[in-house]
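Spelled out from the first residue to the last, the chains are:
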Amino acid sequence: MGIRHLLRKILLLKEIGSFVMLGTAILVFYLLSPPFLSLANIQLILQIAPELGIMVTGVTLLMISGEFDLSVGSVFALCPIINIMLMNLGLNVYLSAIFASIASCGIGALNAVITLKLRIPSFITTLGTMMIWRGVIMLITAGWPFPFLEEAIPLQKLLVGEVGLIRLSLIWYGMIVLVSWIILERSRFGNWMFAVGGNPRAAKARGINTDVVKATNFVIASFLAGLAGLIQAYRLEAFMPLAGIGVELDVIASAVIGGASLAGGAGTVIGSVIGALLIRIIDNGLVLAGAPGYWFRIFVGIVLVVSLTFNRIIETKVHKMR
Amino acid sequence: MSKLPLVKLVNIHKWFGRVCALEGVDLSVDYNEIVGLLGDNGAGKSTLIKILSGVYSPDKGEITWQGEKINFSSPKNSIKLGIETIHQEVALIDRMNVMRNIFIGREPVIRLGPMGWLNMKKMARESMKALEKVALYLRSPEALVEELSGGQRQGVAIARAMYFKPKLLVLDEPTNNLSVKESKRVLRFVTEMKAQGVSSIFISHNLYNVYPIADKIVILRHGKKVGEFKKEETSIDDLTEMITLK
Amino acid sequence: MKRLRFMVGLMCMMLLVGTMGNFAEAASPEKYNFVFITQWGPETMFAAVVKKGMDDAAEMLGVNAQMFFIPKEGDLAGQLSHFETALVKKPDGVITTIPHPTVFNKVIQKALDQGIPVICSNTNGLVGTGHPLEKTIPYVGQDLFYSGYVLATKASEHFSEPKEMRALVGIEIPGASWAEARAGGQIKFLEEYGCTYDKLDIGTDMAVMESRILAYLKKHPETNVVFTQGGAGPAPSGKAVRLAGYKPGEVIVAGYDIAPASISEIKKGYVTLTIDQQPYLQGFLPVIQLYLMKKYGFSTWDVDTGLGIADKSNADLVEGLAQKRIR
């Protein structure tokens, strides 16, 4: 296999645009501040990446099926709070986490029902549920966080325990990425997801139950958001009512940067990873570069536009290559 | 040859709100028959076709398939019975590749655990075979549908329909976006299918496409059937008059 | 291949743009590098005043001071992440707000272990937790409880005669520790004085505050003094007093901070006084402290910045300085 052939194969990767942007960003931030690539910093990034990344993967899958979920930030905060509330009522930590996750799934199911049965665009539905659940959180906690309990430590070790240089959350993230990839790219259900998102009429005409496919993805997105929330809460040892506030913008930006189409039917799991990494790297890199706080939003905006343009350009070039 | 028709629709009514799309329409298709369904815009042709494909359910009326009364409650049902539809808006998913499109909804799977895993090798192999059957030669079954020309796309849709050996092929304006050469190929194909025992219902605006290959011609106007002729009984001019009258 | 060349070209362009935007000044060995980790979003007006204080001190002393905002206000995980990241570059000193009793403890300890001094500004969530860091980390900000007490004391200077006094202590978020602490100070004074008082949930929306205070005044027309705890409180209180038909000064209105609306009510006479936590000092003083600590090894000290009184006598001065983001 000649170098030319290998190069050609790499360029034809769906995620090539995102990879290039990631590479460029890493290079730029390294040049601006060499400690960016220090072991300590890489460790830092890998510690916090799963919390965003797991959510982005879930939302990417949902976007591939043609729907949105803006309520992930609220689920991110609510799941751990339900967890700690159940523990305060005496329930064992693992069971509390399981029930809290079931609750996350329930929220996803509710999103699905409202969107699919009431025919309200998911953007609107989840905008509404985002606010409702955040309000519920404020009511439950009256603005104040629950203290971390000793009984929660076993789960903490499981979710974010340190293993050598990394935390277990990175490994869980890797597994979720792997499973998601396999299901999306190699299973029948994955094929349906692309169809339902790409051309729902056609999918229906071929006998696919589009509602079931979408509903499943709503539940997955919420479940993963809740899981990500648990991971952060256990890493910080704090169950904060304002956790995840505003994160939905980062999540969608990451998904889009990773190549997910806003119209549905396109996206990759690896892309979701790259997108999440890129968003986290930008924040980290800007701090190290000494940029005034105002720069974060500008930078993300630029990267978003560039990535969209880039992906478009690449698609056209690939077209011609085939 | 059985005396019973392949499919028979009797007294079909369909309303959308207060609009009556179909009013008391009867239609039957025999084995090895090509039926041309004609009519101006709004005549109800597409609606009738969609009832056969299982997308709509009739509000009133009866459908018989191979002698038995049946309910096409969903597209899945319809496909299972052996009805394949080529839609006006090509029912392919652009951003997916050809082989995934061909097998959408009927993917060959390897069962391992709770999920069905795509048998990619089989999909690749079989899709190339299906394409060859309709004389469509592509470089690879992994080409994305959005990269194909209009005629190639229609070819893929037809290959998909044919792969599953239907008994009835329903074509809704299949030559709309095609070149003359591509249209001719589709028509030739429909005729070949008849020889292989597949009946077709063919909707088209273009009388000159339908007339040469149809055995029977049915004309709809404003949701009602206004004429049914065997090809020998009529001519293109007569038909044109019938369609455009009033 | 054409495409490869295109992509390399695009990459180079991005690199160029990136390096052109080189923000950090070359960290010269003589210049100290301080960082200020905050919980505020970049558009917060309050933060702008703190930043001005920080910038002025930095310029005066010839040091680098960088303030970090988080794009999503209230996202403590983001603030923590900034703190951790800032440590990677080994700054000479860290100033930080501590909006949570436990979340920041580990990273603060990490900084201290690395020999990097840490000063807490504006919000000190460690107060009352009994954590060892509470004693170790100096705090530059408002002592909430004491400020309430001082506010009430100053307000009492306007009490016309010692008679049956009634006070309304308005709380924007019942249970919020900052509000309860400030109110607690006021209540301590009121109890010492022998004044009847009522605690009332007045909400955080200005229109809601106005209507609730008005309702209370209608129910208790003999009320002499109204307290509120948050920066948005004074203006609606003044309006409510006006709507209830009182003349300026008949009811004493006391509250916090110097929002322009509050100053305007002070000038009209419906708000008697406010106490201001002087955010400029919360940015200015920590930088001075860090500098002295690093250069001469001075020990640390706490500063209660929260005793700036604004009333009719200095309203104009305060207003002018507020426009310059100094107050």
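Being a predicted model, the structure only gives us computed values, none of them experimental.

Visitor: For this particular structure, what's the right way to read the overall build of chain B?
Guide: For chain B, the count of helices and strands is eight helices and 12 strands. Whereas a compact globule of 246 residues would reach a radius of gyration of roughly 18 Å, chain B reaches 18 Å, a difference of no more than 12%. Each of the three principal axes of chain B carries a C-alpha extent, and together these read 55 × 40 × 40 Å. Buried positions account for 43% of the 246 residues belonging to chain B. Residue pairs at least 24 apart in sequence account for 68% of intrachain contacts in chain B once pairs closer than 6 positions are excluded.

Visitor: In this structure, what is going on with the overall build of chain A? I would like to understand it.
Guide: Check the secondary structure of chain A and you find 14 helices and two strands. Over its C-alpha trace chain A gives a radius of gyration of 20 Å, about what one expects of a compact globule, namely 20 Å for 322 residues. With the C-alpha coordinates aligned to their principal axes, the bounding extent of chain A is approximately 65 × 55 × 40 Å. When burial is assessed residue by residue, chain A has 55% of its 322 residues classed as buried. Nonlocal contacts in chain A, meaning residues at least 24 apart in sequence, comprise 77% of its contacts between residues at least 6 apart.

Visitor: So what exactly am I meant to see when it comes to helix H2 (residues 45-61) of chain C here?
Guide: Working note: α-helix, 3.6 residues per turn, so residues spaced by three or four point in the same direction. Residue and element names in this part refer to chain C. Taking 1.5 Å per residue, 17 residues should reach 24 Å; H2 reaches 25 Å between its end C-alpha atoms and fits that length. Among the residues of H2, those classed as buried are Ala 47, Val 49, Val 50, Lys 51, Gly 53, Met 54, Ala 57 and Ala 58. On the buried face of H2, the contacting elements are strand S1 (33-37), strand S2 (64-68), strand S4 (118-124) and helix H11 (279-296). Looking at the residues trailing H2, positive phi occurs at Gly 62, about 75°.

Visitor: Sorry if this is basic, but what is going on with the interface of chain B and chain A here?
Guide: When the parts come together, some accessible area is lost, and that loss is often what is quoted as the size of the interface. On the side of chain A, 22 residues touch chain B, which itself brings 25 residues to the contact. Broken down by secondary-structure element, the contributors of at least two residues to the side of chain B that touches chain A are helix H2 (75-81) and strand S8 (115-118) of chain B. Its residues placed into classes, the side of chain B that touches chain A shows 13 nonpolar, six polar and six charged.

Visitor: Explain the sheet that holds strand S9 (residues 168-172) of chain B here, please?
Guide: The strands that make up a sheet are held in pairs by hydrogen bonds between backbone atoms, and each pair lies either parallel or antiparallel. All names here are of chain B. Reading across from one edge, S6-S9-S10-S3-S11-S12 is the order of the six strands in this open sheet, with mixed pairing throughout. Looking at strand neighbours, the two that pair on one side only are strand S6 (83-86) and strand S12 (224-230), the edges of this open sheet. Adjacent strand axes in the sheet meet at a mean angle of 15°, parallel and antiparallel pairs treated alike. Strand direction decides the pairing type here: strand S11 (residues 216-221) and S12, joined by six bridges, are antiparallel.

Visitor: Help me out: how do you make sense of the environment of Val 226 of chain C in this one?
Guide: Residue and element names in this part refer to chain C. One can find Val 226 in strand S8 (residues 225-227). Judged by the 28 C-beta atoms lying within 10 Å of it, Val 226 is buried. Between the C-alpha atom of Val 226 and that of Val 241, which follows or precedes it by 15 residues, the distance is 9.1 Å. If near-sequence neighbours (up to four positions away) are discounted, Val 226 is found in contact with Leu 168, Gly 170, Ile 213, Ser 237, Val 241, Val 251 and Val 253.

Visitor: Even after reading the chapter, I still don't get the sheet that holds S2 of chain C, so can you show me in this structure?
Guide: All names here are of chain C. On the basis of which strands lie adjacent, the open sheet formed by six strands has the order S2-S1-S3-S4-S5-S11 and parallel pairing. In this open sheet, the two edge strands, each paired with only one partner strand, are S2 and strand S11 (303-304). Bridge count for S1 against S2 is five bridges, and the pairing is parallel. Along S2, the bridge assignment pairs Phe 36 with Met 67.

Visitor: Explanation requested: the nonpolar core in the structure shown.
Guide: A general tendency of soluble globular proteins is for nonpolar side chains to be buried together. Grouped together as the largest cluster of nonpolar side chains are 218 residues, with contacts concentrated most on Met 55, Val 59, Phe 76, Ala 195 and Leu 278 of chain A, Phe 202 of chain B together with Val 287 of chain C. When residues of this core are assigned to their parent elements, the largest contribution, 16 residues, is made by helix H11 (residues 210-236) of chain A. Beyond its immediate stretch of four places on either side in the chain, Val 287 of chain C contacts Phe 34, Met 54, Ala 57, Ala 58, Leu 61, Val 63 and Ala 65 of chain C. Membership of the second largest hydrophobic core comes to 40 residues, among which are Val 169, Val 251, Val 253 and Tyr 270 of chain C.

Visitor: Can you walk me through the arrangement of the chains in this structure?
Guide: Across the two pairs of chains that are in contact, the largest number of contacts falls between chains A and C. The two units chain B and chain C remain apart, with a minimum C-alpha distance of 18 Å.

Visitor: Can you walk me through the domain arrangement of chain B in this structure?
Guide: All names here are of chain B. Looking at chain B, the domain boundaries give domain 1 (1-82 + 166-246) and domain 2 (89-163). The C-alpha centroid of domain 2 is placed 26 Å from the C-alpha centroid of domain 1. Listed as interface residues are nine residues of domain 1 and, on the opposing side, six residues of domain 2. Of all the elements, helix H6 (residues 180-195) adds the most residues to the side of domain 1 that touches domain 2, at three residues. Each residue belonging to the side of domain 1 that touches domain 2 can be placed in one class, and the counts come to six nonpolar, two polar and one charged.

Visitor: Just to check I follow, could you spell out the packing of helix H3 (residues 39-64) of chain A against helix H8 (residues 168-186) of chain A for this structure?
Guide: Two quantities define a packed helix pair, namely the angle between the helix axes and the distance between the axes. All names here are of chain A. Between H3 and H8, the least distance of the axes is 9 Å, while the angle of their chain directions is 20°. By the angle between their directions, the pair H3 and H8 is classed as roughly parallel. Handedness of the H3/H8 crossing: left-handed. Residue-level inspection shows Leu 46, Pro 50, Gly 53, Ile 54, Thr 57 and Leu 61 of H3 in contact with H8, the latter providing Ser 169, Leu 170, Trp 172, Tyr 173, Ile 176, Val 177, Ser 180 and Leu 184. For the contact of H3 with H8, the residue count by class is 10 nonpolar, four polar and no charged.

Visitor: Explanation requested: unusual backbone geometry in the structure shown.
Guide: Trans peptide bonds make up most of the peptide bonds, and negative phi angles are found at most residues other than glycine. The phi dihedral of Arg 119 of chain A falls on the positive side, at around 55°, and the residue is not glycine. One can find Arg 119 of chain A in the loop between helix H5 (93-117) and helix H6 (122-141). Here the phi dihedral of Lys 90 of chain C falls at roughly 50°; this positive angle occurs in a residue that is not glycine. Mapped onto the elements of the fold, Lys 90 of chain C is located in the loop between helix H3 (76-88) and strand S3 (93-98). Taking the C-beta count within 10 Å as the criterion, Lys 90 of chain C has 14 such neighbours and is therefore assigned partly exposed.

Visitor: What is the right way to read the pairing of strand S2 (residues 19-29) of chain B from this model?
Guide: Sheet faces and side chains relate simply in a regular strand, where the side chains alternate between the two faces. Residues and elements named next belong to chain B. As paired strands, strand S1 (residues 7-16) and S2 are joined by seven bridges and run antiparallel to one another. In the strand pairing of S2, Lys 8 is matched with Ser 28. Where S1 folds back on S2, the antiparallel hairpin that results is connected by two residues, among which Gly 17 adopts a positive phi of roughly 65°.

Visitor: Sorry, what's going on with the confidence of the model for chain B here?
Guide: Note that predicted coordinates carrying low pLDDT should not be read in detail. Residues and elements named next belong to chain B. The share of residues in chain B with pLDDT of 70 or more is 98%, and the mean pLDDT across the chain is 85. Mean pLDDT values over the elements of chain B span from 77, in helix H8 (residues 236-244), up to 92, in helix H3 (residues 98-102). Interface scoring of the predicted complex returns ipTM 0.88; its pTM is 0.84.

Visitor: Looking at this model, I keep getting lost on the packing of helix H4 (residues 72-88) of chain A against H6 of chain A. Mind explaining?
Guide: All names here are of chain A. It is at 8 Å that the axes of H4 and H6 come closest, and there the two elements cross at 30°. By the angle between their directions, the pair H4 and H6 is classed as roughly parallel. The crossing of H4 and H6 is left-handed. Residues Gly 73, Ser 74, Val 75, Ala 77, Leu 78 and Ile 81 of H4 lie in contact with H6, whose contacting residues are Met 130, Trp 133, Arg 134, Ile 137, Ile 140 and Thr 141. For the contact of H4 with H6, the class distribution of residues is eight nonpolar, three polar and one charged.

Visitor: It is not clear to me how H11 of chain A should be interpreted in this structure. Could you clarify?
Guide: Residues and elements named next belong to chain A. Compared with the 39 Å implied by 1.5 Å per residue over 27 residues, the 39 Å span of H11 between its first and last C-alpha is a close match. Judged by how many residues are buried, H11 sits mostly within the fold: 23 of 27 residues are covered. Glu 237, located one to two residues past H11, shows a positive phi value of around 55°.

Visitor: Which parts of the structure should I look at to understand the pairing of S1 of chain C?
Guide: Residues and elements named next belong to chain C. For S1, a buried count of four out of five residues is recorded, marking the element as mostly surrounded by other parts of the structure. Pairing of S1 with S3 involves four bridges; the strand directions are parallel. Looking across to S3, one finds that Val 35 is bridged to Val 94.

Visitor: What am I meant to see in the environment of Ile 137 of chain A here?
Guide: Residue and element names in this part refer to chain A. Inspection of the secondary structure assignment puts Ile 137 in helix H6. Given 22 C-beta atoms within a 10 Å radius, Ile 137 is considered buried. Separated by 60 residues in the primary sequence, Ile 137 and Ala 77 have C-alpha atoms spaced 7.8 Å apart. Apart from residues no more than four positions distant in its own chain, Ile 137 is found in contact with Ser 74, Ala 77, Leu 78, Ile 81 and Pro 241.

Visitor: Would you mind showing me how to read the environment of Ile 83 of chain B here?
Guide: Residue and element names in this part refer to chain B. Note that Ile 83 resides in strand S6. Here the alpha-carbon distance between Ile 83 and Ala 161, two residues 78 residues apart in the chain, equals 8.6 Å. If sequence neighbours within four positions are ignored, Ile 83 has contacts with Leu 52, Ser 53, Ser 78, Pro 166, Leu 168 and Val 170.

Basis of the calculations
Residues numbered from 1 in each chain as written. Chains lettered and ligands numbered in written order. Predicted model: local features only at pLDDT ≥ 70, side-chain atom pairs only at ≥ 80, totals over all residues. Helix = DSSP H or I, 4+ residues; strand = E, 2+ residues; numbered from the N terminus. Rg over C-alpha atoms; globule rule 2.2 N^0.38 Å. Buried ≥ 20, exposed ≤ 12 C-beta atoms within 10 Å, placed from the backbone. Contact = placed C-beta atoms within 7 Å. Expected span 1.5 Å × (residues − 1). Nonpolar A, V, L, I, M, F, W, Y, C, P; charged D, E, K, R; others polar. Pairing = 2+ DSSP bridges. Axes fitted to C-alpha atoms, helices over the stretch in contact; angles between N-to-C directions. Core = buried A, V, L, I, M, F, W, Y, C linked by C-beta atoms within 7 Å. Domains from an automatic or database assignment. Parallel < 35°, antiparallel > 145°, perpendicular 65-115°, else oblique. Left-handed = near helix turned anticlockwise from the far one by under 90°. pLDDT = per-residue confidence, 0-100.

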